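Listed here are the chains, written in short residue letters.
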There are 2 protein chains.
Amino acid sequence: MAKKDTFHQHVIEALQKDNWTITHDPLVVKVAGIESQIDLGAERIIAAQKGKEKIAVEIKTFGELSFITTFYGAIGQFITYRTTMRVEHPDRLLFLAVPIVAYKTKFNERVIQDIIKEQNIKLIIYDPHKKIITQWIK
Amino acid sequence: MAKKDTFHQHVIEALQKDNWTITHDPLVVKVAGIESQIDLGAERIIAAQKGKEKIAVEIKTFGELSFITTFYGAIGQFITYRTTMRVEHPDRLLFLAVPIVAYKTKFNERVIQDIIKEQNIKLIIYDPHKKIITQWIK
């Protein structure tokens, strides 16, 4: 199984351990006339619910392309989905799921921190080996 | 020559016809500790000057991957470079160069328009066949 799909399953398991119910896998969002599940270049988005709280999660693996190239794609996809979801899923908060190693080694760069803050990007840090969520950064 | 490199040359020629002097090709920007010219996944950025006006241009080809995947990467790179340049090149305005066909067929989608507006992304629309700039959108 591709690393992307393995990590996808690990994040699902981590959310379930944290008492989230996965409600959509994938969450189909129509972006610029294209349904997201046939947008093969993008990561699949999942949706989960706990009590009244509803979230959508863009799961990033990192490590297949260069970090910065993956980061560009992740930020562009996040912003596009958030803008789209404002109309289609206004009650759902979007998170970017980042593996702990990428978070610890790369996200401390100043420009990355600046962008996360300025763009108000909410993060879920996950440990793909332990299959747990280590941090929610809202 | 790859389409990417051909279009890169066409934009340079189009800017020169418009009385811009190309001052850097590529413009080296250090993004998250990585010098941009060795970031192979990204498009090269060029810098130009006309009188006192200084610009940097991220040239996008579109058409090699799916439109939306290219768009994600373009937006992510644009935002990252703009944030980086604020420190390194505060007097230089960043533009995203988009070929006219992609602009006419794809950029009229509502979500794309919303993102361009909200993120305040400045565009140069170019015709790669005539090698001219058809529109500046500030």
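Look up: the structure comes first, before these words.
All values reported here derive from a predicted model rather than from experimental measurement.

Definitions and limits used
Residues numbered from 1 in each chain as written. Chains lettered and ligands numbered in written order. Predicted model: local features only at pLDDT ≥ 70, side-chain atom pairs only at ≥ 80, totals over all residues. Heavy atoms only, no water. Contact = heavy atoms within 4.5 Å. Buried area = accessible area lost by both parts, 1.4 Å probe. Salt bridge = Lys/Arg side-chain N within 4 Å of Asp/Glu carboxyl O. Polar contact = N/O pair within 3.5 Å; in protein donor to acceptor, adjacent residues only side chain to side chain. Helix = DSSP H or I, 4+ residues; strand = E, 2+ residues; numbered from the N terminus. Pairing = 2+ DSSP bridges. Axes fitted to C-alpha atoms, helices over the stretch in contact; angles between N-to-C directions.

Engineer: In this structure, what is going on with the interface of chain B and chain A? I would like to understand it.
Structural biologist: Many analyses report the size of an interface as the accessible area lost when the parts associate. Of the residues lining the interface, 31 residues belong to chain B; the matching set on chain A comes to 31 residues. For the chain B and chain A pair, buried surface summed over both sides reaches about 2,300 Å², with 64% attributable to carbon and sulfur atoms. For the interface between chain B and chain A, the tally reads 2 salt bridges. R86 of chain A is the salt-bridge partner of E118 of chain B, the closest N and O atoms lying 2.7 Å from each other. Where chain B touches chain A, the interface holds 3 residue pairs in polar contact (both at pLDDT 80 or more). Listed by contribution, the elements that provide at least two residues to the side of chain B that touches chain A are helix 2 (67-88) and helix 4 (110-118) of chain B. The biggest single contributor to the side of chain B that touches chain A is helix 2 of chain B, with 15 residues.

Engineer: What is the right way to look at the sheet that holds strand 1 (residues 21-24) of chain A in this model?
Structural biologist: Strand pairing in a sheet is mediated by backbone hydrogen bonds. Such pairs are either parallel or antiparallel. Residue and element names in this part refer to chain A. The 6 strands are arranged 1-4-5-6-7-8 in an open sheet whose pairing can be described as mixed. Strand pairing shows two members of the sheet lacking a second neighbour, strand 1 and strand 8 (132-137), which therefore form its edges. With strand direction ignored, the average angle separating the axes of adjacent strands in the sheet is 35°. Here 3 bridges tie strand 1 to strand 4 (residues 45-50), and the two strands are oriented antiparallel to one another. In the strand pairing of strand 4, I22 is matched with A48.

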